[in-house]
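Structural characterization, general
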Amino acid sequence: MSKDNAKAPHVIDLAVLNSYLSSACPSIGHVKSAEKFAGGQSNPTFKLTTDNGVYVLRRQPPGKLLKSAHAVDREFRVINALQGSEVPVPKAYHLCEDTSIIGSMFYIMAYVEGDIFWNSALPEIASSATRGAMYDEMNRVLAALHSVDIESAGLRDYGRPGSYFERQLSRWTKQYRASELEHVEEIESLIQYLEANLPKDDGQVSLVHGDFRLDNMMFDMSDPKNPRVVAVLDWELSTLGHPYADLAYQCMQLRLPSDIAHAAGLGGLDREQLGIPSEQEYINAYCERRGIDSISNWTFYLAFSFFRLAAILQGVVKRAHDGNASSEKAMQLGAMVRPLAQIANQTIHQSE
């Protein structure tokens, strides 16, 4: 491995990679090029062109990492476990845990053709019926994910079952406190509400994605009347958890203002005109698919999602403050922390 490879997440030594793959995963063929995908993936991702076709390599960034961060081995495991399920994922080919090959752990999966959409309002889509069908398809995939039999998928030890929100609230409160740079009264009110309204554990445990949103899906749009999700991507935050965490996280994103930085939610937009289901319609469709009568404590789950995102963004700000992240982008994200807490508190008050 060259010193350059150890330092540059966007460079892969093809000679070294091919030498390794010739015996470790010969089915993908000889790699002719490795082109890094644009975008801010926390795990650098490359399009591999080989003499057998096109594949994707996803690696940890080189260098010292936090213990549980950039878990490409967990991503590979869950993608592999979901092969043949109702949850569309790329075919998983190989995991390399030997960091001496290209400078960090990596895995190889199939390259999937499809479209990715970044704006929740789907301005690129001309038909309101197609928008509605896309949201219904996301709903189908989410319900399918939470219906996966953990035991038969070999994921019984993929996370700690039970007391999910209690553990998550404790974790993200500690993370927020460790990243706190100023007193934000709205955050304090939100934490107080969450601690006082933590629901009793209802025993539900499922595989959760952790970042289930529109732009982590690839769609086949060849039939506008029947759009299909062909791949769910970015499983870095997946674990065993409570299914309502994913559902509330997606609905939280759709409540965000349409002009908020880096979010482009549906807040303030006319969903009916767009053909996009209301939050209650989306929840009802999910419940029907999973055979659930209703969801109790919905306000808590929504409020928790806002707090979790605010804590994540505060961490980005703290890393920038300490000189470990892009300052300009971090400050833009940091400006969202207070508004997120404000929206969460408004949501709480409206439900009272």
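Everything that follows concerns the structure shown earlier in this document.
Residues numbered from 1 in each chain as written. Predicted model: local features only at pLDDT ≥ 70, side-chain atom pairs only at ≥ 80, totals over all residues. Heavy atoms only, no water.

**Observations regarding the pairing of strand β4 (residues 92-96)**
The two faces of a sheet get side chains in turn, since along a regular strand they alternate between them. With four of five residues buried, β4 is to be regarded as a mostly interior element. In this sheet, strand β5 (residues 106-110) lies alongside β4 in antiparallel orientation, the contact comprising four bridges. Looking across to β5, one finds that Cys96 is bridged to Phe106. (Buried < 20%, exposed > 50% of the residue type's maximum accessible area, 1.4 Å probe, protein only. Helix = DSSP H or I, 4+ residues; strand = E, 2+ residues; numbered from the N terminus. Pairing = 2+ DSSP bridges.)

**Quick word on the sheet that holds β4**
The strand order β1-β2-β3-β5-β4 describes an open sheet built from five strands, whose pairing is antiparallel. The open sheet has two edge strands with one neighbour each: β1 (31-36) and β4. The sheet shows a mean angle of 25 degrees between the axes of neighbouring strands, taken without regard to direction. (Axes fitted to C-alpha atoms, helices over the stretch in contact; angles between N-to-C directions.)

**Things to note about helix α10 (residues 298-321)**
In this model α10 runs 35 Å from its N-terminal to its C-terminal C-alpha over 24 residues, within 8% of the 34 Å that 1.5 Å per residue would give. Of all 24 residues that make up α10, 20 are buried, and the element is covered over most of its length. Just past α10, the residue Gly323 takes up positive phi, approximately 85 degrees. (Expected span 1.5 Å × (residues − 1).)

**A word on the packing of helix α4 (residues 128-146) against helix α7 (residues 243-255)**
Where α4 contacts α7, the axes come no closer than 9 Å and their chain directions differ by 160 degrees. Taken together, the axis directions place α4 and α7 in an arrangement best described as roughly antiparallel. Every pair of crossing elements has a handedness; the one defined by α4 and α7 is right-handed. Residues Tyr135, Met138, Leu142, Leu145 and His146 of α4 form the contact with α7, whose own contacting residues are Pro243, Asp246, Leu247, Gln250 and Leu254. (Parallel < 35°, antiparallel > 145°, perpendicular 65-115°, else oblique. Left-handed = near helix turned anticlockwise from the far one by under 90°. Contact = heavy atoms within 4.5 Å.)

**Concerning the pattern of salt bridges**
Tallied over the full model, the rule gives 14 salt bridges. Put simply, Glu180 and Arg177 hold a salt bridge, and the shortest N to O gap is 3.5 Å. Residues joined in a network through salt bridges with shared partners are Glu86, Glu137, Arg140 and Arg228. (Salt bridge = Lys/Arg side-chain N within 4 Å of Asp/Glu carboxyl O.)

**Describing the packing of α10 against helix α12 (residues 337-351)**
Look at α10 against α12: their axes get within 9 Å of each other, and the N-to-C directions meet at 170 degrees. Of the possible angle classes, the one that applies to α10 and α12 is roughly antiparallel. From α10, Thr299, Leu302, Ala303, Phe306, Leu309, Ala310, Leu313 and Gln314 reach across to α12, where they touch Val337, Leu340, Ile343, Ala344, Thr347, Ile348 and Ser351. Among the residues making up the contact of α10 with α12, the classes are represented as eleven nonpolar, four polar and no charged. (Nonpolar A, V, L, I, M, F, W, Y, C, P; charged D, E, K, R; others polar.)

**A few points about the side chain of Ser104**
Structurally, Ser104 is set in the loop between β4 and β5. Relative accessible area serves as the criterion here: at 2%, Ser104 is assigned to the buried category. At a separation of 2.5 Å, a polar atom in the side chain of Ser104 contacts the main-chain carbonyl oxygen of Gln60. (Polar contact = N/O pair within 3.5 Å; in protein donor to acceptor, adjacent residues only side chain to side chain.)

**What to know about the packing of aromatic side chains**
We describe a pair of aromatic rings using the distance from one ring centre to the other and the angle between the two ring planes. Enumeration according to the criterion identifies twelve aromatic pairs in this entry. Taking 4.9 Å as the distance between ring centres and 35 degrees as the angle between the ring planes, the aromatic pair formed by Phe165 and Tyr301 counts as tilted. With Phe165 in helix α5 (residues 164-179) and Tyr301 in helix α10, this residue pair connects regions lying 136 residues apart in the sequence. Taking the relative accessible area as the measure of exposure, Phe165 reaches 7% and is therefore buried. Judged by relative accessible area, which is 4%, Tyr301 ranks as buried. An aromatic cluster is built from Tyr164, Phe165, Tyr244, Phe300, Tyr301 and Phe304, whose rings are joined through pairwise contacts. Over the ring of Tyr158 we find Arg74; its NZ or CZ atom is 3.9 Å from the centre of that ring. When the ring centre of Tyr93 is taken as reference, the NZ or CZ atom of Lys91 above it lies at 5.3 Å. (Phe/Tyr/Trp six-rings, centres within 6.5 Å; stacked < 30°, edge-to-face > 60°. Lys NZ or Arg CZ within 6 Å of the ring centre and 35° of its normal.)

**Observations regarding the state of the cysteines**
Scanning the entire structure with this criterion turns up zero disulfides. With no disulfide of its own, Cys25 has Cys96 as its nearest cysteine by sulfur position, at a separation of 11 Å. Its relative accessible area of 5% is what places Cys25 among the buried residues. Looking at the unpaired Cys251, the closest cysteine sulfur is the one in Cys287, lying at 10 Å. (Disulfide = S-S within 2.5 Å.)

**Examining the nonpolar core**
Within the largest apolar cluster, 93 residues are counted, with the highest numbers of intra-cluster contacts made by Val87, Ile187, Leu194, Phe219, Trp235, Trp298 and Phe307. By residue number, the principal contributor to this core is α10, which donates 14 residues. Beyond its immediate stretch of four places on either side in the chain, Val87 contacts Leu82, Val141, Ala144, Leu145, Val148, Val232 and Trp235. (Core = buried A, V, L, I, M, F, W, Y, C linked by side-chain atoms within 4.5 Å.)

**A word on unusual backbone geometry**
One non-glycine residue with positive phi stands out, namely Leu122, at about 50 degrees. With respect to the secondary-structure elements, Leu122 resides in the loop between β5 and α4. Despite not being glycine, Asn297 has its phi angle at roughly 65 degrees, a positive value. Mapping Asn297 onto the fold places it in the loop between α9 (279-290) and α10. Of the residues examined, Asn297 reaches a relative accessible area of 42% and is grouped as partly exposed.

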